[in-house]
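Listed here are the chains, written in short residue letters.
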Amino acid sequence: GENVEQHPSTLSVQEGDSAVIKCTYSDSASNYFPWYKQELGKRPQLIIDIRSNVGEKKDQRIAVTLNKTAKHFSLHITETQPEDSAVYFCAASIRGATNKLIFGTGTLLAVQP
Amino acid sequence: NAGVTQTPKFQVLKTGQSMTLQCAQDMNHNSMYWYRQDPGMGLRLIYYSASEGTTDKGEVPNGYNVSRLNKREFSLRLESAAPSQTSVYFCASSDFSGSRNEQFFGPGTRLTVL
């Protein structure tokens, strides 16, 4: 079945450093790739997304890149701050249905002040 | 707007008991979802409803049933709870907006089955 692998499972960086989280998907029909952030005890919230016809998208300190050929996409956070500490989930749409997602297993990012 | 609301926030059940988790959204979204979140497993889709009157299975539907009561409400029922269903359950809703399909999540229900 469809699968999304996410690495690393935990990531610790110093404040001001960059953080990169990588995901690989299996369904070649996937066309929508969102990233969600979940702070401790809170609900997941969308932070950035990208569609398959775009290779890169940026929003301030956050960027996402997509390589359709290799079926992987990555989240890049620059100039990390303590408030970036959270669990980050990648996701991919299933069978081209943008409204149905399969999520990765999450990355716990800890930004050390 | 309240967004997506869920009740209850916490629940403890004994094995074999039944219960219904309630979810409502006030954003006029067509699609609604139920996920479970377990440590190290991410968010796994249980059931979803693409529009009012339709429901479909997700990755882990066994042991659950759903009802899309109307456009606003989407309930999840555990007929005979098992310890393996101990989890945090999130409801979400979404609608197409150009190229984006942001899912808005509720606050979650923490369920423990003894």
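Residues numbered from 1 in each chain as written. Chains lettered and ligands numbered in written order. Predicted model: local features only at pLDDT ≥ 70, side-chain atom pairs only at ≥ 80, totals over all residues. Heavy atoms only, no water.

### Observations concerning the sheet that holds strand β7 (residues 64-68) of chain B
All names here are of chain B.
Thinking step 1. Overall, antiparallel pairing links the four strands, which are arranged β1-β3-β8-β7 in an open sheet. Edge strands, defined here as strands with exactly one partner in the open sheet, are β1 (4-7) and β7. Averaged over all neighbouring strand pairs, the angle between strand axes comes to 20°, with direction disregarded.
Thinking step 2. In this structure, β7 lies alongside strand β8 (residues 74-78), joined through five bridges in antiparallel fashion. The residue bridging Asn 65 from the neighbouring strand is Arg 77, located in β8. (Pairing = 2+ DSSP bridges. Helix = DSSP H or I, 4+ residues; strand = E, 2+ residues; numbered from the N terminus. Axes fitted to C-alpha atoms, helices over the stretch in contact; angles between N-to-C directions.)

### With respect to the packing of aromatic side chains
Thinking step 1. Under the criterion given, the structure shown has 12 aromatic pairs over all chains.
Thinking step 2. Ring centres of A:Tyr25 and A:Phe73 lie 6.0 Å apart, and the angle between their planes is 55°; on these two criteria the pair is classed as tilted. On the criterion of sequence distance, the pair formed by A:Tyr25 in strand β3 (residues 19-25) and A:Phe73 in strand β8 (residues 72-77) is long-range, its members being 48 residues apart. Of the two residues, A:Tyr25 and A:Phe73, both sit in the buried class.
Thinking step 3. Among the aromatic residues, those joined into a cluster by ring pairs are A:Tyr36, A:Phe103, B:Tyr33, B:Tyr35, B:Tyr48, B:Phe90 and B:Phe105. (Phe/Tyr/Trp six-rings, centres within 6.5 Å; stacked < 30°, edge-to-face > 60°. Buried < 20%, exposed > 50% of the residue type's maximum accessible area, 1.4 Å probe, protein only.)

### Considerations on the pattern of salt bridges
Residues and elements named next belong to chain A.
Thinking step 1. Applying the stated criterion across every chain yields a total of six salt bridges over all chains.
Thinking step 2. With a closest N to O distance of 3.6 Å, Glu 39 and Lys 37 form a salt bridge.
Thinking step 3. Residue Glu 39 is classed as partly exposed on the basis of its relative accessible area of 35%.
Thinking step 4. Classification of Lys 37 by relative accessible area gives buried; the value is 17%. (Salt bridge = Lys/Arg side-chain N within 4 Å of Asp/Glu carboxyl O.)

### Notes on the layout of surface pockets
Thinking step 1. Taken as a whole, the largest pocket holds about 710 Å³ of empty space.
Thinking step 2. A:Gln38, A:Gly41, B:Gln37, B:Val88 and B:Arg110 are, among the 32 residues lining the largest pocket, the residues nearest its centre.
Thinking step 3. Sorting the residues of the lining of the largest pocket by element identifies β9 (86-94) and β11 (107-112) of chain A together with β4 (31-38), β9 (87-94) and β11 (109-113) of chain B as the ones contributing at least two each.
Thinking step 4. At four residues, the largest contribution of residues to the lining of the largest pocket is made by β11(B).
Thinking step 5. Taken together, the residues that form the lining of the largest pocket break down as 12 nonpolar, 15 polar and five charged. (1 Å grid on protein atoms, 1.4 Å probe; cavity = no way out; pocket = protein on both sides within 12 Å on 5 of 7 lines; lining within 4 Å. Points joined across faces, edges and corners; volume = space filled by probe spheres on them. Nonpolar A, V, L, I, M, F, W, Y, C, P; charged D, E, K, R; others polar.)

### Some remarks on the environment of B:Pro39
All names here are of chain B.
Thinking step 1. The residue Pro 39 is located in the loop between β4 and β5 (42-49) in this model.
Thinking step 2. By relative accessible area, which is 81% here, Pro 39 ends up exposed.
Thinking step 3. In this structure, the C-alpha to C-alpha distance between Pro 39 and Ser 87, residues 48 residues apart in sequence, is 8.8 Å.

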